[in-house]
Structures are given as structure tokens and as C-alpha cells.
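Commentary on secondary and tertiary structure
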Amino acid sequence: MDGYTVQRLGSHTQNGTLSSAVTLTPPSGADILQIQPLTQNVRIVFDGSTPDATTGFQLTAGTIYFIDVGQDYSIKLIEETASASVEYQWGQRKRDNDA
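An account of the accompanying structure is given in this report. Numbers given to residues run from 1 along each chain, matching the order in which its sequence is written. Thresholds applied to this predicted model are a pLDDT of at least 70 for local features of residues and 80 or more for the giving and counting of side-chain atom pairs; totals over whole chains, interfaces and linings are not thresholded and use all residues. Where side-chain values are given, they derive from all heavy atoms of the structure, hydrogens and water being excluded.

Some remarks on the environment of Phe57
Note on conventions: DSSP H or I runs of at least 4 residues are helices, E runs of at least 2 residues are strands, and numbering of each starts at the N terminus. Mapping Phe57 onto the fold places it in strand β5 (residues 57–59). Sequence separation between Phe57 and Arg43 is 14 residues; the distance between their C-alpha atoms is 5.3 Å. Any two residues whose heavy atoms approach within 4.5 Å at even a single point are treated as in contact. Contact partners of Phe57, with chain neighbours within four places excluded, come to Val42, Arg43, Ile44 and Phe46.

Structural data, given as C-alpha cells:
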């Protein structure tokens with residue numbers, strides 16, 4: 001079985017303005033999202049619906065997540081409680097034996 005590495009796409013981003021839903025748009029070629037809520041839990045959806053404090057997948061503060069994404073995903077996130085912030089980085093998988 002072949003392994004893979006992740007090539008970074010775009011810049012490492014921090015967002016501390018999550019009181020209303022924020023849209024994350026994958027750059028061309030992205031197939032993975034690395035994201036970490038820093039201080040408070042956040043909610044994330046992938047279908048373009050609008051998350052709220054109780055709707056969407058819960059991402060727990062302090063945990064780093066690696067999420068597979070497709071170019072057709074419409075990703076939105078929002079804080080569960082005030083003062084949440086996240087850091088994230090898009091990436092693209094490369095098979096270890098690819099040039």
C-alpha cells in the first residue's frame with residue numbers, strides 16, 4: 001500500500017470572527033482541510049446549509065482535524081459560544097511515489 005504526503009495550498013489562516021456563519025472555499029486542487037478550533041467549540045457543515053450553535057458537526061476546541069473535502073463542498077462554520085477562533089490550512093494529497 002502506497003502512502004501519501006500533503007502539499008499545502010494557500011496560506012495558513014486564522015479567523016476569530018465566527019459569530020455568524022463563515023464560508024470556507026477550497027482552492028483549486030484542495031482535497032483536505034486541516035482545521036483546529038482554538039478556544040471554543042465550533043460547528044461545521046459541508047452542504048451549504050447554515051450552521052448554528054446546535055446544528056452541524058461539532059469540532060472540539062484544541063483538537064486538530066484533517067477533513068477530506070471535494071471541490072463541490074460548500075463549507076460553513078460558526079462558533080458554539082462567543083469568542084471562538086479557528087486556524088486552518090488547505091492541502092492536496094500527493095502519493096509518495098508520484099513525481
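Overview of unusual backbone geometry
The phi angle at Ser83 is positive, at roughly 75°, despite the residue not being glycine. If you trace the backbone, Ser83 turns up in the loop between β7 (75–79) and β8 (86–95). Of the residues examined, Ser83 reaches a relative accessible area of 60% and is grouped as exposed. Only protein chains enter the accessibility calculation, which uses a 1.4 Å probe. A residue is then buried if its area is under 20% of the maximum for its type, exposed if over 50%, and partly exposed in between.

Considering the environment of Pro51
Tracing the chain through its elements places Pro51 in the loop between β4 (42–45) and β5. Considered as a pair, Pro51 and Val22 are 29 residues apart in the sequence and their alpha carbons are 9.3 Å apart. Excluding residues within four positions of it along the chain, Pro51 makes contact with Ala21, Arg43, Val45, Lys76, Leu77 and Ile78.

Quick look at the pattern of salt bridges
Salt bridges are defined by distance alone: a side-chain nitrogen of Lys or Arg within 4 Å of a carboxyl oxygen of Asp or Glu. Counted under the stated rule, the structure contains two salt bridges. One salt bridge in this structure joins Glu80 and Arg43, with 2.7 Å as the shortest N-O distance. Placement of the pair is Glu80 in the loop between β7 and β8 and Arg43 in strand β4, with a sequence separation of 37 residues. Classification of Arg43 as buried rests on a relative accessible area of 15%. Here Arg93 makes a salt bridge to Asp68, at a shortest N to O gap of 2.5 Å. Placement of the pair is Arg93 in strand β8 and Asp68 in strand β6 (residues 65–68), with a sequence separation of 25 residues.

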